[in-house]
Amino acid sequence: MPHGSFINMKIFLIGKNGQLGFFLEKTLRNNKFQVFSYGREDLDIENFEKIKSEIESRSPDVVINATAYHLVEQCEENPEKAFIVNAVAVRNLAKICKERKIIFVTYSTDYVFDGLLGHAYDENNEPNPLQVYGVSKLSGEFLTRNYCDKSFVIRTCGVYGGKLGSRSKKGNFILNIMKQAQGKKTLKISSEQIVSPTYAPDLAIGTLELLKKMPPFGVYHLVNDGTCSWAEFATEAFRKAHIKTKIIPIDRKGMVESVRKPLFSALKNKKAAKIGIVLPHWKDALARYIKYLSV
Ligand SMILES: NC(=O)c1ccc[n+]([C@@H]2O[C@H](COP(=O)([O-])OP(=O)(O)OC[C@H]3O[C@@H](n4cnc5c(N)ncnc54)[C@H](OP(=O)(O)O)[C@@H]3O)[C@@H](O)[C@H]2O)c1
């Protein structure tokens, strides 16, 4: 496929019912891409033979994998499953793409970092995941890059979007705190974890931009601009949604969680910024989400 001919690209999208997958499909179709999209019920990422034959029959230019097993606590209890979905299946996709000269796009996480750097991580910082989820996603990254040289690994953080959020997570941070706040005067939210919450529609647009610009393959961070604690994020959400419940920031110093999580895992889009891809500030993204939820 010649450089710049993105308009005619055929995209094979797996995970269309996820928070990100939904907006990827929408954004790609609105931009006149030809999209073949699959939910888990159509195509299980663990079914290598079916995936292979489906990709071969569609002959796409790009495969995008928006699936994940990302319930962090469950990954700890079921590491086999975490590695099958986040690493083995990803490696299989990378292998098919390599064989058929297809561009492969897959997503990873801020949880590949240990959170000890003290400021936002860019693509050059050394990963050091603290739990099974992060290790399985980092394995998926390495397998992608080592099996398919024409690949983009996009790391993101705190994804939210859609009216229902993520099916496996039974919502997302914003939907869940809105539910928890009902009938309450106060709500305690963690202040010790610093993140870059990312709005799925913005991440979808960032992915599209990457495909249009087609920079050198490799790892890219794509998050909404700026950093905040979950308590700050919740406070801003309630302010915008006119919810009266008061957020009480609590610093648990990482002691309450059963799984170790990075404390400062915000990301910085250093490589994307260099090629002119800039995602809006998280406050701007959050305002659009609250408005979207209200209609
Ligand atoms: N959500 C976050 O906070 C966050 C943070 C950092 C990075 N990320 C990464 O961003 C990407 C997108 O996340 P998201 O928030 O959009 O996730 P999501 O809403 O949970 O969507 C994931 C999708 O994967 C599907 N899936 C899971 N196992 C599958 C399998 N075996 N075969 C086929 N499909 C399967 C799920 O199907 P069902 O709908 O049937 O469950 C779901 O539709 C993932 O790579 C994730 O690791 C997310």
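Refer to the structure presented above.
Procedures and definitions
- Residues numbered from 1 in each chain as written.
- Predicted model: local features only at pLDDT ≥ 70, side-chain atom pairs only at ≥ 80, totals over all residues.
- Heavy atoms only, no water.
- Helix = DSSP H or I, 4+ residues; strand = E, 2+ residues; numbered from the N terminus.
- Rg over C-alpha atoms; globule rule 2.2 N^0.38 Å.
- Buried < 20%, exposed > 50% of the residue type's maximum accessible area, 1.4 Å probe, protein only.
- Contact = heavy atoms within 4.5 Å.
- Areas by Shrake-Rupley, 256 points an atom, 1.4 Å probe, with all protein chains shown as cover.
- Lys, Arg positive; Asp, Glu negative; His and termini not counted.
- Charge placed at Lys NZ, Arg CZ, Asp CG, Glu CD.
- Core = buried A, V, L, I, M, F, W, Y, C linked by side-chain atoms within 4.5 Å.
- Disulfide = S-S within 2.5 Å.
- Near = heavy atom within 4 Å.
- Polar contact = N/O pair within 3.5 Å; in protein donor to acceptor, adjacent residues only side chain to side chain.
- Nonpolar A, V, L, I, M, F, W, Y, C, P; charged D, E, K, R; others polar.

Enquirer: Looking at this structure, how should I read the overall build of the protein?
Expert: What the protein contains, in helices and strands, is ten helices and twelve strands. Computed over C-alpha atoms, the radius of gyration of the protein comes to 19 Å, within 12% of the 19 Å expected from 2.2 N^0.38 for 295 residues, which places it in the range of a compact globule. Here the protein, with 295 residues, has 53% of them falling under the buried criterion. For the protein, contacts bridging at least 24 residues in sequence account for 81% of all contacts bridging at least 6. Put simply, the protein shows about 13,700 Å² of open surface, and 53% of that area lies on carbon and sulfur atoms. Averaging the coordinates of the 44 positive side-chain charges in the protein and doing the same for the 30 negative ones gives two points 5 Å apart.

Enquirer: It is not clear to me how unusual backbone geometry should be interpreted in this structure. Could you clarify?
Expert: Glycine aside, residues mostly have negative phi, and peptide bonds are mostly found in the trans state. Residue K101 is not a glycine yet carries a positive backbone phi of 55°. For K101, the location among the structural elements is in the loop between helix 4 (79-99) and strand 4 (103-109). Classification of K101 as exposed rests on a relative accessible area of 65%. Within the chain, H242 stands out as a residue other than glycine whose phi angle is a positive 55°. Relative to the assigned elements, H242 resides in the loop between helix 8 (230-240) and strand 12 (246-250).

Enquirer: Quick question: what am I supposed to make of the nonpolar core here?
Expert: Side chains that are nonpolar tend, in soluble globular proteins, to be buried together. Y160, I174, I189, F233, F238 and L286 are the most contacted members of the largest nonpolar core, which totals 30 residues. Counting residues per element, this core draws most heavily on helix 8, at six residues.

Enquirer: Just checking my understanding: could you explain the state of the cysteines for this structure?
Expert: What we call a disulfide is simply a covalent bond connecting the sulfur atoms of a pair of cysteines. Overall, the coordinates contain zero disulfides when judged by the stated rule. Sulfur of C97: no disulfide; nearest cysteine sulfur belongs to C148 and is 5.3 Å away. In this structure C228 is not part of a disulfide, and its nearest cysteine sulfur, from C157, lies 8.6 Å away. Take C228: its relative accessible area is 1%, and that puts it in the buried class.

Enquirer: Can you walk me through the site of the ligand in this structure?
Expert: As a matter of local geometry, the ligand sits amid 27 residues, with Q19, I45, H70, S166 and R167 nearest to it. Within the contact set of the ligand, an oxygen atom lies 2.9 Å away from a backbone nitrogen or oxygen of L20. D44 places a polar side-chain atom, nitrogen or oxygen, 3.0 Å from a nitrogen atom of the ligand. In isolation the ligand has 910 Å² of accessible area, and contact with the protein removes 95% of it. Going through the elements one at a time, helix 1 (19-30), strand 4 and helix 5 (132-147) are the ones with two or more residues in the shell around the ligand. A total of three residues in the shell around the ligand trace back to one element, the largest contributor, which is strand 4. Looking at the shell around the ligand residue by residue, the class counts come to nine nonpolar, eleven polar and seven charged.

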